Amino acid sequence: MNILVIGSGGREHALCWAIAQSPLCSKLYCAPGNGGIAQVAECVPLAAVDCDAIIAFIREKKVDFVVVGPEDPLVQGLVDRLDAEGIVSFGPSAAAAQLEGSKGFTKDLCAEYGIPTAAYGRFDKAEAAKAFIAEKGAPIVVKADGLAAGKGVIIAATVDEANAAIDDILGGRFGAAGAEVVVEEFLEGEEASFFALCDGTHVLPLATAQDHKRVFDNDVGPNTGGMGAYSPAPVMTAVLNERVLHEIVEPTVRAMRERGTPFKGVLYAGLMITADGPKLIEYNARFGDPETQVLMMRLDCDVLPLLKASHDGTLDKAEVRWKDEVALTVVMAAEGYPGDYKKNTEIRRLAEAGAEDGVQIFHAGTKAEGGRVLSTGGRVLNVTATGKTTADAQARAYRAVDKIDWPEGFCRRDIGYRAIAREKQTA
């Protein structure tokens, strides 16, 4: 098959890296891609949301299968356009992608179908939102309803902080994504990510992962799109996995089917494991970033038939296998992220770092220019390693990080600390 992957981040590099290894892949394109993806696929300068240009390219190159990576083109209806043109793709329709595109939509669906989640309110007026906050007290969570690149969630420690977040969001900081806010109770517990492939009817659970959202060590500082991740997540026991599947994921897939908007693609449940059991924090309608990087490193079978089965409705016949090892990724970001940061700074010694045993470096925000690799984004590299234990994978990843020469970059130094603490307890 000729394959086209849509997107330009570390997630897409990991997907391209896995797809390129498939015997079913004869030619691999990525639009628009990045400096690292160019090593495994032909990068095409097309915007991820330019449906007309993408369809023209698919026709010209006789592309057989399209894998849509990021949320924006999904929410904007790229898969609907591809379906209308008879082009086979992986990813949900715009209606199904509302599970990520509108936090309020998902909260209402949870309320209707009895899916465990935090208590909440939806508001488009600051006064009503602040009255709700005054009634509930702090800590409390304030979220922009729409897509805000992982930055539209504020965990407010005080009522004043929460009120400021309301003014910020409804005042236009996130544009249309902030036309409405969701205010929800603060859940105590440990976060985890649960991934499942869906074909509209059947659900195939994938591996679990845990990411680190806060920008600095010890989980302090503002939220980001993710500063690192590891898989599997030890907090997710076999019993918890079953509960998440039966209490959260399967009822969601059933609800979407009953509403006439079946979900096809990958459903990524962001969870809080509370004293009362697992609760849904939010859904994403695509693979996580940086969780995809650790999932693809652990995958022990061909990824393409799995993605294709999600489109074809045949996931009940599909099987997935995982390597019995831990994968861990460290995000290297540009100094200043998630605020303002410099672009076009040079990154050196990547080949040396990538030669470390069990290490793969996925590019999230780079371009190759005149034999040099330059940074183009906030999150720039995902230094990913495997090991027998989380501690082994972490040590390998940081050995590789320390070989990279990029003075304008930084990373957290404690990725995987919860899992390592658990390993020490059970040793």
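Structure report, in brief.

What counts as what
In this convention, every chain numbers its residues from 1, walking through the sequence in written order. Totals for whole chains, interfaces and linings use every residue, but because this is a predicted model, local features are given only for residues with pLDDT of at least 70 and side-chain atom pairs only at 80 or more, for both listing and counting. Note that the side-chain values use all heavy atoms of the structure and ignore hydrogens as well as water. Residue types Ala, Val, Leu, Ile, Met, Phe, Trp, Tyr and Cys, when buried and joined through side-chain atoms within 4.5 Å, form a set referred to as a nonpolar core. Each residue is placed in one exposure class: buried if its accessible area under a 1.4 Å probe, protein chains only, is under 20% of its type's maximum, exposed if it is over 50%, and partly exposed if it falls in between. Here a strand is any run of E in DSSP of at least two residues, a helix any run of H or I of at least four, and the numbering for each starts at the N terminus. The contact criterion used is simple: two residues touch if any of their non-hydrogen atoms lie within 4.5 Å. Salt bridge, as applied in this entry: a Lys or Arg side-chain nitrogen positioned within 4 Å of an Asp or Glu carboxyl oxygen. Strands were regarded as paired on the criterion that DSSP finds at least two bridges between them. A 1.4 Å probe that fits but cannot get out identifies a cavity on a 1 Å grid over protein atoms alone, an open set with protein on both sides within 12 Å along at least five of seven lines counts as a pocket, and a residue lines either if it has an atom within 4 Å of a point. Grid points are joined across faces, edges and corners, and a volume is the space filled by probe spheres set on the points. In this description, a line fitted to the C-alpha atoms serves as the axis of each element, helices being fitted only across the stretch in contact, and the angle between N-to-C directions of two axes falls anywhere from 0 to 180 degrees. Centres within 6.5 Å are what make two rings of Phe, Tyr or Trp a pair, Trp counting through its six-membered ring; a difference in plane orientation under 30 degrees is then read as stacked, over 60 as edge-to-face, and the rest as tilted.

1. Here we look at the nonpolar core
Grouped together as the largest cluster of nonpolar side chains are 49 residues, with contacts concentrated most on Leu-4, Ile-6, Val-66, Phe-194, Met-236 and Leu-271. For this core, the leading source of residues is helix α9 (residues 238-258), giving eight residues. The contact partners of Phe-194, leaving out residues within four places of it in the chain, are Pro-205, Thr-208, Met-236, Asn-241, Val-244, Leu-245, Val-249, Leu-267, Tyr-268, Ala-269 and Leu-271. One finds Phe-65, Val-266, Val-294 and Leu-295 within the second-largest nonpolar core, a separate group that totals 41 residues.

2. Some remarks on the pattern of salt bridges
Counted by the stated rule, this structure contains 33 salt bridges. For Arg-286, the salt bridge goes to Glu-100, with nearest N and O atoms at 2.7 Å. Of this pair, Arg-286 sits in the loop between β16 (277-284) and α10 (291-298) while Glu-100 sits in helix α5 (residues 98-101), and the two are 186 residues apart along the sequence. Judged on exposure class, the residue Arg-286 and its partner Glu-100 are both buried. For Lys-107, the salt bridge goes to Glu-184, with nearest N and O atoms at 2.8 Å. Taken together, the residues Lys-107 in helix α6 (residues 103-113) and Glu-184 in strand β9 (residues 181-185) connect sequence positions 77 residues apart. The class of Lys-107 is buried, set by a relative accessible area of 3%. Taken together, the shared-partner salt bridges connect Arg-11, Glu-12, Glu-71, Glu-100 and Arg-286 into one network.

3. Concerning the sheet that holds strand β21 (residues 372-375)
Judged by pairing direction, the sheet is antiparallel, and its three strands sit side by side in the order β18-β21-β20 without closing on themselves. Bordering the open sheet on either side are β18 (346-347) and β20 (366-369), each of which pairs with just one other strand. Alignment of β18 against β21, held across two bridges, turns out to be antiparallel. Counted as the bridge partner of Ile-347 is Val-373 from β21.

4. Re empty space enclosed by the protein
Picture a little ball the size of a water molecule; that probe, rolled over the atoms, points out where space is still empty. The final tally for this structure, using the stated rule, is one cavity of 30 Å³ or more. Counted as a void, the largest cavity has a volume near 60 Å³. In terms of lining, the largest cavity is formed by Leu-197, Leu-206, Phe-287, Met-296, Leu-299, Val-303, Leu-306, Leu-307, Val-320 and Trp-322. With three residues, helix α11 (residues 303-312) is the largest single contributor of residues to the lining of the largest cavity.

5. Description of the sheet that holds strand β6 (residues 120-123)
The strand order β6-β9-β7-β8 describes an open sheet built from four strands, whose pairing is antiparallel. Two strands bound the open sheet, and with one partner strand each, they are β6 and β8 (153-156). Taken pair by pair, the neighbouring strands of this sheet meet at an average axis angle of 20°, ignoring direction. In terms of strand pairing, strand β7 (residues 140-144) meets β8 through four bridges, oriented antiparallel. Within β8, the position partnered with Ile-140 by the bridge is Ala-156. The strands touched by α6 within the sheet are β6, β7, β8 and β9, with β6 carrying the most contacts at an inclination of about 140°.

6. Observations regarding the pairing of β20
With four bridges joining them, β20 and β21 adopt antiparallel strand pairing. Across the sheet, the residue bridging to Lys-367 is Leu-374, located in β21. Adjacent in sequence and paired antiparallel, β20 and β21 are bridged by two residues, among which Gly-370 carries a positive phi angle near 55°.

7. Some remarks on the packing of aromatic side chains
A complete count under the given rule lists six aromatic pairs for this structure. Here Trp-17 and Phe-362 contribute two aromatic rings whose centre-to-centre distance is 5.5 Å and whose plane-to-plane angle is 75°, an arrangement assigned as edge-to-face. With Trp-17 in helix α1 (residues 10-20) and Phe-362 in strand β19 (residues 359-363), this residue pair connects regions lying 345 residues apart in the sequence. Considering the side-chain rings of Phe-90 and Phe-287, the 6.0 Å spacing of their centres and the 25° angle between planes classify their relative orientation as stacked. One end of the pair, Phe-90, is in strand β5 (residues 89-90); the other, Phe-287, is in the loop between β16 and α10, with 197 residues separating them in the sequence. Like Phe-287, Phe-90 is buried.

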